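# Per-entry structural report
Residues per chain, in single letters:
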Amino acid sequence: MSYVETITQEGSSDFIPVADRIAVFDNDGTLWPEQPIPNQLQYVLDYIKENYAAQPEWVKIPALKAAYEGDFAAIKKSGMAGLMQMLNAASTSMTETAYTASIEAWLAKTRDAKFDKPYQEVVYLPMVQLLEYLRENEFKTFIVSGGGADFMRPWTEKAYGIPPYHVIGSYGEASYEVLDGKTVITKTAGEIYVDDKAGKPVAIHRFIGKVPVICGGNSDGDQAMMQYTSGSKYKSLCLILHHTDSIREFAYDTVTVSGHLETALIEAEEKNWLVVDMEKDFKKIFAFE
């Protein structure tokens, strides 16, 4: 609040014009949980299990067979190539309308295993409050996440107040055509742009076109966009969410499947980035507590 008051005070040497008040936030582990696995991966696993019987060719692909059987050791062994096969299987040849409907149907029927709540309710209350506070002070708030942009866009406005056109994430190939007089975008197989680590500043450059002044993240995957934000010509603020509460949420940093936090924590001390200890600093983590 002290930072925002300083940069919004006209006449202050640190004043930031409204047009340059850009705030970017990671999603998984920053705005909602990413344990025990990222929610999008859970969607992919559920999709593969539900459609496996209708796709006999999937049996020949080890990663998809492992996903169907819930064999996480085999999934991990398949590496990034296997993950790409899984992601493609759960989206390729689907129109944007069909994919959005699939996400919305999954969210409507699926509940977080630990909290027994719909995923859209399992979001960090203090972070949602922060987003609202920033918008009240004429910031534009963006998501810049390693998660799929198309996966996030159907629900981020309801969960965070961030519209789909302010959601930047990983994305794959797509095609456009006119069928029976209707325009159609279809997700196709191909290379996936992974919006993580060094990919995040590049994506910010491509889709926002301005260096942010506020950046929120929780892992080494967010370190590059924090560095990018710190390089702003304006006074900047970087925030790292450190998962320290094993009772109300999860406690992890260096030993984790998702959200490894190590080098960013070291740089945070060097550059005076704000580190939020969830156990100590969050009075409430979720609205339903």
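So, here's what we can say about the structure.

## What about the overall build of the protein?
The number of helices and strands found in the protein is 12 helices and seven strands. For a compact globule of 289 residues, the expected C-alpha radius of gyration is about 19 Å, and the protein comes in at 20 Å, within 12% of that figure. Referenced to the eigenvectors of the C-alpha coordinate spread, the extents of the protein come out at roughly 65 × 50 × 35 Å. Per-residue burial over the protein gives 47% buried out of 289 residues. For the protein, long-range pairs separated by at least 24 residues make up 63% of all intrachain contacts whose partners lie at least 6 apart in sequence. Working note: accessible area of the protein is about 14400 Å², and carbon and sulfur atoms make up 53% of it. A gap of 2 Å separates the mean positions of the 27 positive and 41 negative side-chain charges of the protein.

## A look at the pairing of strand E7 (residues 274-277)
Across a regular strand the side chains alternate sides, sitting on one face of the sheet and then on the other. Pairing geometry for strand E6 (residues 237-242) and E7, over four bridges, is parallel. Following the sheet pairing, histidine 242 is matched in E7 by aspartate 277. Regarding the hand of the β-α-β motif, the stretch spanning E6, helix H11 (residues 263-271) and E7 is right-handed.

## As for the pattern of salt bridges
Overall, the coordinates contain 12 salt bridges when judged by the stated rule. Of the charged contacts in the structure, one is a salt bridge between glutamate 138 and arginine 21, with a shortest N-O distance of 4.0 Å. Of this pair, glutamate 138 sits in the loop between helix H6 (125-136) and strand E2 (140-148) while arginine 21 sits in the loop between helix H1 (2-7) and strand E1 (22-25); the two residues are 117 residues apart in sequence, bridging distant segments of the chain. Overall, glutamate 138 belongs to the partly exposed group, its relative accessible area being 47%. The exposure class of arginine 21 is buried, given its relative accessible area of 4%.

## Looking at the packing of aromatic side chains
Considering all chains together, one arrives at 19 aromatic pairs under this definition. With a centroid separation of 5.3 Å and an interplanar angle of 20 degrees, the aromatic rings of tyrosine 171 and tyrosine 193 are classed as stacked. Highlighted residues: tyrosine 171 in strand E3 (residues 167-179) and tyrosine 193 in strand E4 (residues 182-193), separated in sequence by 22 residues. Connected via pairs of aromatic rings, a cluster forms that spans Trp32, Tyr43, Tyr47, Tyr99, Trp106, Tyr119, Phe151, Trp155 and Tyr160. When the ring centre of phenylalanine 250 is taken as origin, the NZ or CZ atom of lysine 114, which lies over that ring, is 4.3 Å away. The aromatic ring of tyrosine 99 is capped on one face by lysine 187, whose charged end is 4.7 Å from the ring centroid.

## Notes on the environment of methionine 86
For methionine 86, the position within the fold is in helix H4 (residues 72-89). Put simply, methionine 86 and leucine 64 are 22 residues apart on the chain and 6.1 Å apart in space, counted from C-alpha to C-alpha.

## Side note on the side chain of threonine 156
Its place among the elements puts threonine 156 in helix H8 (residues 156-160). Judged by its relative accessible area of 0%, threonine 156 falls in the buried class. Discounting chain neighbours no more than four positions away, the residues touching threonine 156 are Ile143, Gly161, Ile162, Pro163, Pro164 and Val167.

## As for the environment of threonine 256
Position of threonine 256 among the secondary structure elements: in the loop between E6 and H11. Taking C-alpha positions, threonine 256 is 18 Å from serine 78, a pair spaced 178 residues apart along the chain. At 2.8 Å, the side chain of threonine 256 forms a polar contact with the side chain of glutamine 35.

## Some details on the sheet that holds E7
Ordered in space as E4-E3-E2-E1-E5-E6-E7, the seven strands form an open sheet in which the pairing is mixed. What marks the edges here is a single partner per strand, and that holds for E4 and E7. Geometrically, the sheet is characterised by an average inter-axis angle of 35 degrees between neighbouring strands, direction not taken into account. Where strand E5 (residues 214-217) lies against E6, four bridges are found, and the strand directions are parallel. Bridged to glycine 216 within E6 is leucine 239.

## Description of the nonpolar core
Judged by nonpolar contacts, the single largest core of 59 residues is most densely connected at Met86, Phe151, Trp155 and Tyr160. Phe142, Met225, Leu261 and Ala264 belong to the second largest nonpolar core, which has 18 residues in total.

## Some thoughts on the packing of helix H2 (residues 39-51) against H4
Packing of H2 against H4 brings their axes to within 12 Å, and their N-to-C directions diverge by 80 degrees. As summarised for this structure, H2 and H4 are arranged roughly perpendicular, according to the angle between their axes. Of the residues in H4, those touching H2 at Gln40, Leu41, Val44, Leu45, Tyr47 and Ile48 are Phe72, Ile75, Leu83, Met86, Leu87 and Ala89. Per-class residue counts for the contact of H2 with H4 are 11 nonpolar, one polar and no charged.

Cut-offs applied
Residues numbered from 1 in each chain as written. Predicted model: local features only at pLDDT ≥ 70, side-chain atom pairs only at ≥ 80, totals over all residues. Heavy atoms only, no water. Helix = DSSP H or I, 4+ residues; strand = E, 2+ residues; numbered from the N terminus. Rg over C-alpha atoms; globule rule 2.2 N^0.38 Å. Buried < 20%, exposed > 50% of the residue type's maximum accessible area, 1.4 Å probe, protein only. Contact = heavy atoms within 4.5 Å. Areas by Shrake-Rupley, 256 points an atom, 1.4 Å probe, with all protein chains shown as cover. Lys, Arg positive; Asp, Glu negative; His and termini not counted. Charge placed at Lys NZ, Arg CZ, Asp CG, Glu CD. Pairing = 2+ DSSP bridges. Right-handed = clockwise from strand over helix to strand, strands pointing away. Salt bridge = Lys/Arg side-chain N within 4 Å of Asp/Glu carboxyl O. Phe/Tyr/Trp six-rings, centres within 6.5 Å; stacked < 30°, edge-to-face > 60°. Lys NZ or Arg CZ within 6 Å of the ring centre and 35° of its normal. Polar contact = N/O pair within 3.5 Å; in protein donor to acceptor, adjacent residues only side chain to side chain. Axes fitted to C-alpha atoms, helices over the stretch in contact; angles between N-to-C directions. Core = buried A, V, L, I, M, F, W, Y, C linked by side-chain atoms within 4.5 Å. Parallel < 35°, antiparallel > 145°, perpendicular 65-115°, else oblique. Nonpolar A, V, L, I, M, F, W, Y, C, P; charged D, E, K, R; others polar.

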